[in-house]
Amino acid sequence: MTQRIDKGLIAEQNAKLEANLKEDYQALGNKLSRDGINIDEITAKAEAFQIAVPSWGTGTGGTRFARFPGEGEPRNIWEKLEDSAVINDLSQCTERVSPHFPWDKVDDFSELKQTSDSLGLKWDSINSNTFQDQPGQEHSFKYGSLSNTSAASRDLAIQHNLDCIEYGKALDSKTLTVWVGDGSNHPGQQHFQHAFERYLESMKTIYAGLPADWELHIEHKMFEPAFYSTIIQDWGSNVLAAMELGPQAKSLVDLGHHAPNVNIEMIVSRLIQFKKLGGFHFNDSKYGDDDLDSGSLHPYQQFLIFNELVDAEYRNQAEFGPNYMLDQSHNVTDPIESLMNSAASVQRSYVSALIVDRTKLTEYQTANDALMCSNTLKKAFTTDVSPILEMARLRKGGAIDPIAVYRQSGYRAQAGAERPNTGGNGSGIV
Ligand SMILES: [Mn+2]
């Protein structure tokens, strides 16, 4: 097993930065206390924040044109776990890993659970995959899976999802996330209503196989691989399906799966209100489902989403507790670095939303003072909360500067030596 980041190295690197951090933390604490905010209470919340890493994200991504494999990328779930452990060792907010089946399928799930336990990792939502055919598959998903016109293909897709629940039980997961590529490429190709009826019928069978303490998360996506219509194209179809299935079915919001300029934070608010917000796939997007690193392009949008989430947290909204996960494609960066950076970026949005003056915001909203409402949010967003994030990592045994320690460790070069590229690694184009 590849050696993980040495604790001595983390401590040595932290020691160089600690004095400056304490000064910055004190200064920020003073600033926040003038607004009645206790910085240590915010830091404690930052320490409790968790966002899952997708197993496939530890490999280099790609596009439908090409994939350029990176050095030492993981070749199987065991190596993906090692990389995930490195990410969590340094960032201290990614103790959960979300697997993808059959990409991550193993013969012995109890061995996989033991390995994750030994690395200090837990399992997040199980992702099923019926958007591609497996070698030797008897009934194809070319024309869809859960909504296929062929009952045999639908049955195969249903069974795969039921199998995923079994794998998840062995890993102590509590969630199944279903995204299907079903849709059409030509106007008239598909009878919209009948296709949606077939999808719902299939999903009802999967829902019936769900343990009582599990949730079923439905992920929508407006296009690709189908380019004319998609069965669950937006949050409307998503929530209709979730409502039809029952209380254990909820909607999952992938930030890249909307039309450009859609008001995602408002969708989030609606789902919270009707107890249908299941979780998130965080990433950023310029044109479509670009899978850019979270917060790299629209950090204010990410903050506004967390403004809704923190509002629900402070209001103790019933049945509120969405799963947070990263879902992005790393084409030109080291995936470990991107995942650490992105986890911290999402954590930053959470912390920034925590320091919004909600009493004042409510007053301004009631008085219809639009300018001051906007300024109240901007004040929180433009406050540099870096010392809180850094202190949270330091207090949990992580790195003040995760990227610097990671680069110092030489982990990637070592992985490159130990993991010769075998061509296929089950990660990649997502
Ligand atoms: Mn996604």
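For the structure itself, look to the data block above.
Conventions adopted
Residues numbered from 1 in each chain as written. Predicted model: local features only at pLDDT ≥ 70, side-chain atom pairs only at ≥ 80, totals over all residues. Core = buried A, V, L, I, M, F, W, Y, C linked by C-beta atoms within 7 Å. Buried ≥ 20, exposed ≤ 12 C-beta atoms within 10 Å, placed from the backbone. Helix = DSSP H or I, 4+ residues; strand = E, 2+ residues; numbered from the N terminus. Contact = placed C-beta atoms within 7 Å. Arc of directions from axis to C-beta. Pairing = 2+ DSSP bridges. Right-handed = clockwise from strand over helix to strand, strands pointing away. Axes fitted to C-alpha atoms, helices over the stretch in contact; angles between N-to-C directions.

Caption draft 1: Broad picture of the nonpolar core. V268, A353 and I388 are the most contacted members of the largest nonpolar core, which has 93 residues in total. Broken down by element, this core gets its largest block of residues, 10 residues, from helix 10 (residues 335-354). In this structure, A353 is in contact with F303, F306, N307, L309, V310 and A380, ignoring residues within four places of it in sequence.

Caption draft 2: Quick peek at helix 15 (residues 411-418). Turning to helix 15, its buried residues are Y411, R412 and A415. Down the axis of helix 15, the buried side of the element spans an arc of 95°, and every buried residue falls inside it. In helix 15, the exposed positions angled more than 90 degrees off the buried face are occupied by A413 and A417.

Caption draft 3: Quick look at the sheet that holds strand 2 (residues 96-98). The sheet built from three strands is open, its strands ordered 1-2-4 with parallel pairing. Each edge of the open sheet is held by one strand with a lone partner, namely strand 1 (53-54) and strand 4 (122-123). Bridge count for strand 1 against strand 2 is two bridges, and the pairing is parallel. By the bridge assignment for strand 2, P54 is matched with S98.

Caption draft 4: Layout of the pairing of strand 6 (residues 175-178). Side chains T175 and T177 project from strand 6 onto one buried face, and the interleaved L176 and V178 project onto a second face that is buried too. In the sheet, strand 5 (residues 126-128) pairs with strand 6 via two bridges, with the strands oriented parallel. For N127, the partnering residue across the bridge sits in strand 6 and is T177. Handedness of the crossover joining strand 5 and strand 6 through helix 5 (residues 151-170) is recorded here as right-handed. Bridging between strand 6 and strand 8 (residues 215-219) involves four bridges; their strand directions are parallel. Each residue of the ladder has a partner; that of L176, found in strand 8, is L216.

Caption draft 5: Just the sheet that holds strand 8, in detail. With parallel pairing, seven strands are arranged side by side in an open sheet as 3-5-6-8-10-11-12. Bordering the open sheet on either side are strand 3 (100-101) and strand 12 (323-326), each of which pairs with just one other strand. Sheet contacts for helix 7 (residues 235-245): strand 8 and strand 10 (249-254); angle to strand 10, the most-contacted strand, approximately 160°. Against the sheet, helix 10 touches strand 11 (277-282) and strand 12, its axis set at about 145° to strand 12.

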